[in-house]
Amino acid sequence: MLSVSALMGSAALMTMSDDAKASTEWAEHFQKNYRLMTDEEKAEARTRLERRYSSEYGKKVAVDTTGPQPGVLMGYALNVRKCIGCRRCVHACVEENNQSRGTRPGEKIEWIQVLRMERGEFSKDKMNHGYPEGLGIQVGGNAYTPAGQVLEGQYHYNPEAVPEKDATYMPIACMQCEKPPCVKVCPVRTTYREADGPVVIDYNWCIGCKMCMNACPYWARRFNLTKPVLPKEEMNPVTHYLGNRPRMRGVVEKCHWCLQRTRHDRYPACVEVCPVGARKFGNLLDPESEVSKILERKNVFRLKAELNTFPKFFYFYD
Amino acid sequence: MRKLAIVTLVLGLCGGAFYAVSAAEKAAEPAKEAAPKAPVECFESRKGASEITQRDIKPGWPNVKCSPKTGAALWYGDPYDGTVPMGKMPGLENIPEGHAVIKPRTEKLALMPMCGVSCHNGVGPAFNPPTLPKDKKPKPNPTMEAMVPDLANLQHGRGRIWCMDCHHTTKRNMLVDHFGDPVSFDQPQLLCGKCHGDKLRDWRDGIHGKRIGSFASTGKKRWFTCTECHNPHNVQDGARNRGFAQLQPEASPQLPRGMKDASHEKLHPIPH
Ligand code: SF4
Ligand code: SF4
């Protein structure tokens, strides 16, 4: 008991100190899991973090704690036919969400991956070839070559101009699953689904065990292997506690549908920047929203639907 | 006389002093800003037809962030920057007044101020009676061909439409709808929709094209109009395989540690 009060005493002392970083770090050690915090505790955490980030980045940083809005269930749809693979969404996301952007290994984090898939052709030469040769073919000669479409995608494509004639593109990020395997495996329950849909992470409680990274079937989660590299002038000062506030070394992060924007009725950054308008976002509970209209009118599919993760991210084409 | 001279002298001295002060201030100014930068410009959807200039709308908060690699707009600080109300659009009656805004196209069209004035002004002996081509297959003149290269065999519509199907006959700074009424260049959707009805319907519902700002169905949005993304005079463009012109992609992701290149991605799985 004595030691606890001694700790509390020194915590109080530290909080009084001028060093915003030291005092907040100390207080953060005693912070509850965000889901279990009372409104007052959230407000305290918010003030603490705002103070710390503002001194760290030399500008006024806001840490929002706005909760789910009544009657809103967020949904996303992406037109795979339209995407030209320009990767603007990837970089808009980095501008918005304060990811690490260093140059050394592990220092560059991007949440969206754009997969290039080859649109190959079936060839006449291979029509009578395959494996085993001659004895009743089990594997046709057009297997293993880009015939029709191959599913092994390329992430590092870098042509002069996109779209290329022989390729299609498929951006992938967190699908905000309704039944998220990442949430199931988290031993400290710091990642969970919010009432309005997105699966979020309380970075303070993440122990960096990477279980969720293993569990996610969509390669959506990233790990801060190093201390994140985020230059002061590039830091986005409009943040959300569960969203784009600066992360620390050793925690996992991923797409959260720009909570700092969407909780205030603004489109996510990737939607706004896509030059072809392939990205659509809206309220699944509103029949007039663009996602509802897409689900009603277009051919949609969910990636790896057979895994029963029930993503709220849909692909469609017209 | 002497009085006057003294007054002049005093005034002169004051003026000199004032000049010195303002000169010092002027010298201090550039130092504060540290080397004035050239204005950063980037394009939204169509390179050369949708440029925006980056500026701070409040300290440290730009209207747009531009990609240093490709010159593309990468992030919007204010989605409504430089917009005006869209104007009447059938089918969008449920959207509250002022909640549908657009960026005027007319500002981007360099020849626009001249079109209705210098050549197609509708006055003068040549226009009385109006001298319109006899048929819809006019011999293209060099001035127009310089602006629209495939004019002789316009690929928009694959040779089945001509200029006056979209441009107003006498008001050349206007487009034209099905009734022959003029349509502003800021509202191309009223024109394009007459053939591309399915696209217009999807656009109205937010499925085709792009909107930024508030995502609520009745919220304030900036709508991108047809010609902000499509060039109606160039619908066929070399190696591209979609309705959208090719552009330079942003940088590819970091390679995994120790990997020299991404050639492994081009391999297909090990046979059998
Ligand atoms: S996509 Fe992956 S990280 Fe996102 S909710 Fe589903 S399992 Fe979790
Ligand atoms: S910005 Fe749009 S077109 Fe470009 S890669 Fe992303 S989704 Fe595709």
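None of the values given here were measured: they were computed from a predicted structure.

> Looking at this structure, I do not really get the overall build of chain B. What am I missing?
Along its length, chain B carries six helices and twelve strands. Expressed as a percentage of the 272 residues in chain B, the buried residues total 32%. Here the analysis covers contacts within chain B between residues at least 6 apart in sequence; of these, 47% occur between residues at least 24 apart. Summing over all exposed atoms, chain B offers an accessible surface of approximately 16,800 Å²; the carbon and sulfur share of this is 62%.

> Can you walk me through the overall build of chain A in this structure?
Tallying secondary structure elements over chain A gives nine helices and 14 strands in all. Seen along its three principal axes, the alpha-carbon backbone of chain A occupies a region of about 85 × 45 × 40 Å. Split into buried and exposed, the 318 residues of chain A put 56% on the buried side. Residue pairs at least 24 apart in sequence account for 69% of intrachain contacts in chain A once pairs closer than 6 positions are excluded. Distance between charge centroids for chain A: 2 Å, based on 46 positive and 38 negative side chains.

> Looking at this model, I keep getting lost on the site of ligand 2. Mind explaining?
Close to ligand 2 lie Cys83(A), Ile84(A), Gly85(A), Cys86(A), Arg87(A), Arg88(A), Cys89(A), Pro171(A), Cys274(A), Pro275(A), Val276(A) and Arg279(A), which account for all nearby residues. For the shell around ligand 2, the class distribution of residues is eight nonpolar, one polar and three charged.

> It is not clear to me how the domain arrangement of chain B should be interpreted in this structure. Could you clarify?
How big an interface is tends to be stated in terms of accessible area lost as the parts join. Residues and elements named next belong to chain B. The domain architecture assigned to chain B consists of domain 1 (38-78) and domain 2 (84-229). On the domain 2 side, the residues contacting the eight residues of domain 1 number ten residues. Buried surface at the junction of domain 1 and domain 2, both sides included, amounts to about 700 Å², of which 41% is carbon and sulfur. Connecting domain 1 to domain 2 are four residue pairs in polar contact (both at pLDDT 80 or more). Looking at the side of domain 1 that touches domain 2, its residues break down into three nonpolar, two polar and three charged.

> So what exactly am I meant to see when it comes to the sheet that holds strand S7 (residues 84-85) of chain B here?
Within a beta sheet, neighbouring strands are joined by backbone hydrogen bonds and run either parallel or antiparallel to one another. All names here are of chain B. On the basis of which strands lie adjacent, the open sheet formed by four strands has the order S7-S8-S12-S11 and mixed pairing. Where the open sheet ends on each side, the last strands, each with one partner, are S7 and strand S11 (211-213). Relative to strand S8 (residues 100-102), S7 is paired through two bridges, and the arrangement is antiparallel. By the bridge assignment, Val-84 is partnered in S8 with Ile-102.

> What should I look at first to understand the pairing of strand S14 (residues 313-317) of chain A in this one?
Two faces, one strand: in a regular strand the side chains alternate between the faces of the sheet. Residue and element names in this part refer to chain A. Burial within S14 is extensive, with four of its five residues counted as buried. Alignment of strand S2 (residues 74-79) against S14, held across four bridges, turns out to be parallel. Residue Asn-79 lies in a different strand from S14, and its bridge partner there is Phe-316. Pairing between strand S13 (residues 299-301) and S14: three bridges, direction antiparallel.

> Teacher, can you tell me more about the environment of Glu250(B) here?
Residues and elements named next belong to chain B. In this structure, Glu-250 sits in the segment after helix H6 (226-229). Residue Glu-250 is classed as buried on the basis of its relative accessible area, which comes to 3%. Put simply, Glu-250 and Ile-52 are 198 residues apart on the chain and 18 Å apart in space, counted from C-alpha to C-alpha. A distance of 2.8 Å separates a polar atom in the side chain of Glu-250 from a polar atom in the side chain of Ser-67.

> Please explain the state of the cysteines as it appears in this structure.
Note on terminology: a disulfide is the covalent bond linking the sulfur atoms of two cysteines. Residues and elements named next belong to chain B. Going through the model one piece at a time under the given rule, you end up with one disulfide over all chains. Covalent S-S linkage joins Cys-42 and Cys-66, the inter-sulfur distance amounting to 2.2 Å. One quick way to see it: the torsion about the S-S bond of Cys-42 and Cys-66 is about -55°, and its sign makes the bridge left-handed. Of the two residues, Cys-42 is situated in strand S1 (residues 41-43) and Cys-66 in strand S5 (residues 64-66); the sequence distance between them amounts to 24 residues. Residue classification places Cys-66 among the buried residues on the basis of a relative accessible area of 14%.

> Explanation requested: a nonpolar patch on the surface in the structure shown.
All names here are of chain B. On the surface, Leu-111, Met-114, Met-144 and Met-147 cluster together into a nonpolar patch covering about 340 Å² of accessible area. Of note, Leu-111 is situated in the loop between S8 and helix H2 (112-119). Residue class for Leu-111 comes out partly exposed when judged on its relative accessible area of 39%.

> Hey, could you run me through the interface of chain A and chain B in this one?
Contacts between the two partners involve 73 residues from chain A, matched on the other side by 57 residues from chain B. Counting the surface lost from both chain A and chain B, the interface buries some 5,500 Å², and carbon and sulfur atoms represent 51% of this. It is Arg88(A), Tyr144(A) and His156(A) in chain A that bury the most area against chain B; as a group they hold 14% of the surface buried on that side. At the junction of chain A with chain B, the criterion picks out six salt bridges. Arg211(B) is paired through a salt bridge with Glu290(A); the nearest N and O atoms lie 2.3 Å apart. Our count for the chain A to chain B interface comes out at 32 residue pairs in polar contact (both at pLDDT 80 or more).

> What's the story with unusual backbone geometry in this structure? I'm lost.
With the exception of glycine, the majority of residues adopt a negative phi angle, and the majority of peptide bonds are in the trans configuration. Residues and elements named next belong to chain A. With an omega dihedral of -15°, the bond running from Tyr-131 to Pro-132 counts as a cis peptide bond. By the element assignment, Pro-132 lies in the loop between strand S4 (130-131) and strand S5 (139-140). Following Val-162, the chain continues to Pro-163 via a peptide bond in cis, the omega torsion being 0°. Looking at the element boundaries, Pro-163 is found in the loop between S5 and strand S6 (167-172).

> Is there a simple way to think about the sheet that holds S14(A) in this case?
Residues and elements named next belong to chain A. Here four strands make up an open sheet; going across it, the order is S12-S2-S14-S13 and the pairing mixed. Because the sheet does not close on itself, it has two edges, and the strands there are strand S12 (279-283) and S13. Each strand axis lies, on average, 30° off the axis of its neighbour in the sheet, ignoring direction. Here five bridges tie S2 to S12, and the two strands are oriented antiparallel to one another. Opposite Gly-75, over in S12, you have Gly-282 as the bridge partner.

Calculation rules
- Residues numbered from 1 in each chain as written.
- Chains lettered and ligands numbered in written order.
- Predicted model: local features only at pLDDT ≥ 70, side-chain atom pairs only at ≥ 80, totals over all residues.
- Heavy atoms only, no water.
- Helix = DSSP H or I, 4+ residues; strand = E, 2+ residues; numbered from the N terminus.
- Buried < 20%, exposed > 50% of the residue type's maximum accessible area, 1.4 Å probe, protein only.
- Contact = heavy atoms within 4.5 Å.
- Areas by Shrake-Rupley, 256 points an atom, 1.4 Å probe, with all protein chains shown as cover.
- Lys, Arg positive; Asp, Glu negative; His and termini not counted.
- Charge placed at Lys NZ, Arg CZ, Asp CG, Glu CD.
- Near = heavy atom within 4 Å.
- Nonpolar A, V, L, I, M, F, W, Y, C, P; charged D, E, K, R; others polar.
- Domains from an automatic or database assignment.
- Buried area = accessible area lost by both parts, 1.4 Å probe.
- Polar contact = N/O pair within 3.5 Å; in protein donor to acceptor, adjacent residues only side chain to side chain.
- Pairing = 2+ DSSP bridges.
- Disulfide = S-S within 2.5 Å.
- Patch = residues over 30% accessible without salt bridge, like charges linked within 9 Å, V, L, I, M, F, W, Y side chains within 5 Å.
- Salt bridge = Lys/Arg side-chain N within 4 Å of Asp/Glu carboxyl O.
- Axes fitted to C-alpha atoms, helices over the stretch in contact; angles between N-to-C directions.

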